[in-house]
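Structural description and commentary
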Number of protein chains: 2
Amino acid sequence: MKIGFDVMGGDFAPEAPIKGALEARESLLESDVSIVLIGDEAVIKAELEKNNTSIDDFEIVHAPDQIGMGEHPAKAFLKKPNSSIVVGFGLLKQKKIDAFCSNGNTGAMMAGAMLVIKTIDGVIRPCISTHLPRQNGTMGIILDVGINADCKPDVLYQFGIIGSIYSEFVYGIKNPKVGLLNMGEEPEKGNLVAQATYELMKDTKDFNFIGNVEGNDLFTEKAEVFITDGFTGNIVLKQAEAVYEILKSRGLNDDYFERYNYENYGGTPILGISSTVMIGHGKSNPTAVKNLLFTTKEVVEAKLAERIQNVITEN
Amino acid sequence: MKIGFDVMGGDFAPEAPIKGALEARESLLESDVSIVLIGDEAVIKAELEKNNTSIDDFEIVHAPDQIGMGEHPAKAFLKKPNSSIVVGFGLLKQKKIDAFCSNGNTGAMMAGAMLVIKTIDGVIRPCISTHLPRQNGTMGIILDVGINADCKPDVLYQFGIIGSIYSEFVYGIKNPKVGLLNMGEEPEKGNLVAQATYELMKDTKDFNFIGNVEGNDLFTEKAEVFITDGFTGNIVLKQAEAVYEILKSRGLNDDYFERYNYENYGGTPILGISSTVMIGHGKSNPTAVKNLLFTTKEVVEAKLAERIQNVITEN
């Protein structure tokens, strides 16, 4: 397996990405995973030397240009063919790598996913998820958390399929329970979209729909997959981040809440597209980068695109 | 000031409501506040005796019937004229009490607010808020948190007016900063409703609009008033409740997070109606009841209805 990694992206590039890649490589030496560093060759070589690492330990693909964090994503994507992000997507498209990940401009990553990789046939909209730690040690997920502000019921229905596959093959939960995030449990509760989505989901055979779930269920085993639009999901995600930051600032250390720390995962895949594209956090330190690369390996192994394709095609 | 209190409502009625009312009375003896107990007279007398309290210490209004927690709110409201909730609204309508509060059927309380008390002239939809504790000791609020699942931009705009007045006159924050809860800071971010609401709010003189705010801003001083629809707000509220419960279950005690405990407030007013109606938590213990009565006093003193009316009329 080859994981392509943009070392020019993120707030602490290229130091943090390269340090993180070195740490990941250390742990992955025994596996079949190799990491392809994408970025300015001279910069990469200099960083590797600083870390006393031979350039022969990595495959390097030269991409002299970069897309800045503040640039207009789609425009930059089209204007900068030699940027690390565009080069990375090219490699992925040509199947020279099995996954592409970056801590850089998220919009440009989305643009590449849509323009170069494209959605799986039949998938209306891609989405992204985030994990919801539970006290019993397992992990729930919520999707969408940011790509689709307005979602029609058929889009939310597909998130049920996608989330279910993700939960099963990345988190190992058989027949995961799928809940529709709502403001009450009863079928008639919620806004018009939630009500219509409930109708669409209630008798489905595509996933294990358990009905409406609420905000206080988010960190419980009531469901493994929480479905919502990207507007509400994004607020849920950032509220959880806020709580983690407050706990830290108040010196409250706890194993459970430590699992809210994004550094443990590093990033999240764009779901519903034809290959594996991972979005890392812009503020990633080397630990977060290392974990992003580990998560990428798991996502590739889960063969999500193939599995989602199969279910959607049957529909 | 006379506060009418339904002692038949809530999961632990009549014991908890009456015990809480006794505790509140103790603290309010020196004030001009008297508490009017509404419910079955025989039941009230028996409870007061159990607590070694003379029935002369309270004004009692006999209401032999009650609306159960599971009953259809509007139907029950119309069919049970002698229930404590319907009797309470009658007293409030006749201005025999200055506020009415109950831990009972929330839907029936809403029905009474809409059918008997009615919204302030010009207010499109009433709403409810919840508090957002900040680490500096002050309090933010978010509204709506549950009455209006779908909100049009003009409704959200009015929540800006209502929330601003609430923040200033209940929490004492001059010229409170009002933020629109969104999935990003930029004006073009968010779902269609949020985008249109931003346009409506951006140049307002009715309140101090500071732009879009995000989930990670909820417990910060970035804004004092967070505006959202009842669907998203309800999820935010219940997620915060979930975090509080998890902290407690993990034995993490902290002054800041203790302020998430609803018992400290006991309930919340229905905002945008012509009088003071307070909804208490169904699970309220005596402490929560006592604090509900204290909060009610503060809300009456804040003259919210009158102040909201003034701003809406100028519009």
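Read on for an overview of the structure. Please read these numbers as outputs of a predicted model, since none were measured by experiment.

On to the pattern of salt bridges, then. Across all of its chains, the model carries 30 salt bridges over all chains by this definition. A salt bridge links A:Lys45 to A:Glu41; its shortest N-O distance comes to 3.8 Å. A residue pair is termed a helical-turn pair when its members lie 3 or 4 positions apart in one helix, as A:Lys45 and A:Glu41 do in helix H2 (residues 41-50) at 4 residues. A:Lys45 gets classed as partly exposed once you look at its relative accessible area, which sits at 30%. With a closest N to O distance of 3.6 Å, B:Asp57 and B:Arg25 form a salt bridge. One end of the pair, B:Asp57, is in the loop between helix H2 (41-50) and strand E3 (59-62); the other, B:Arg25, is in helix H1 (residues 15-28), and 32 residues separate them in sequence. Residue B:Asp57 is classed as partly exposed on the basis of its relative accessible area of 34%. Among the charged side chains, a salt-bridge network with shared partners connects A:Arg134, A:Lys177 and A:Glu224.

What helix H7 (residues 192-201) of chain A keeps buried is the set A:Ala194, A:Thr197, A:Tyr198 and A:Met201. The buried side chains of H7(A) occupy one side of the element, clustering within an arc of 105° when seen end-on. Tucked into the core, H7(A) has its buried residues touching helix H6 (153-171), strand E7 (177-181), strand E8 (208-213) and strand E9 (225-227) of chain A together with helix H8 (230-249) of chain B.

Every contact between the two is made by 37 residues of chain A and, on the other side, 38 residues of chain B. Contact between chain A and chain B buries roughly 3500 Å² in total, counting both sides, with carbon and sulfur atoms accounting for 64%. Sorting the residues of chain A by area buried against chain B places A:Met183, A:Phe231 and A:Gln239 first, and these three jointly supply 21% of that buried surface. Between chain A and chain B we count 4 salt bridges in total. The shortest N-O distance in the salt bridge between B:Lys238 and A:Glu214 comes to 2.3 Å. At the junction of chain A and chain B, the tally comes to 14 residue pairs in polar contact (both at pLDDT 80 or more). Residue assignment for the side of chain A that touches chain B shows that the elements contributing at least two residues are H7, helix H8 (230-249) and helix H9 (255-258) of chain A. Partitioned by chemical class, the residues of the side of chain A that touches chain B number 19 nonpolar, 13 polar and 5 charged.

Cut-off values and rules
Residues numbered from 1 in each chain as written. Chains lettered and ligands numbered in written order. Predicted model: local features only at pLDDT ≥ 70, side-chain atom pairs only at ≥ 80, totals over all residues. Heavy atoms only, no water. Salt bridge = Lys/Arg side-chain N within 4 Å of Asp/Glu carboxyl O. Helix = DSSP H or I, 4+ residues; strand = E, 2+ residues; numbered from the N terminus. Buried < 20%, exposed > 50% of the residue type's maximum accessible area, 1.4 Å probe, protein only. Arc of directions from axis to C-beta. Contact = heavy atoms within 4.5 Å. Buried area = accessible area lost by both parts, 1.4 Å probe. Polar contact = N/O pair within 3.5 Å; in protein donor to acceptor, adjacent residues only side chain to side chain. Nonpolar A, V, L, I, M, F, W, Y, C, P; charged D, E, K, R; others polar.

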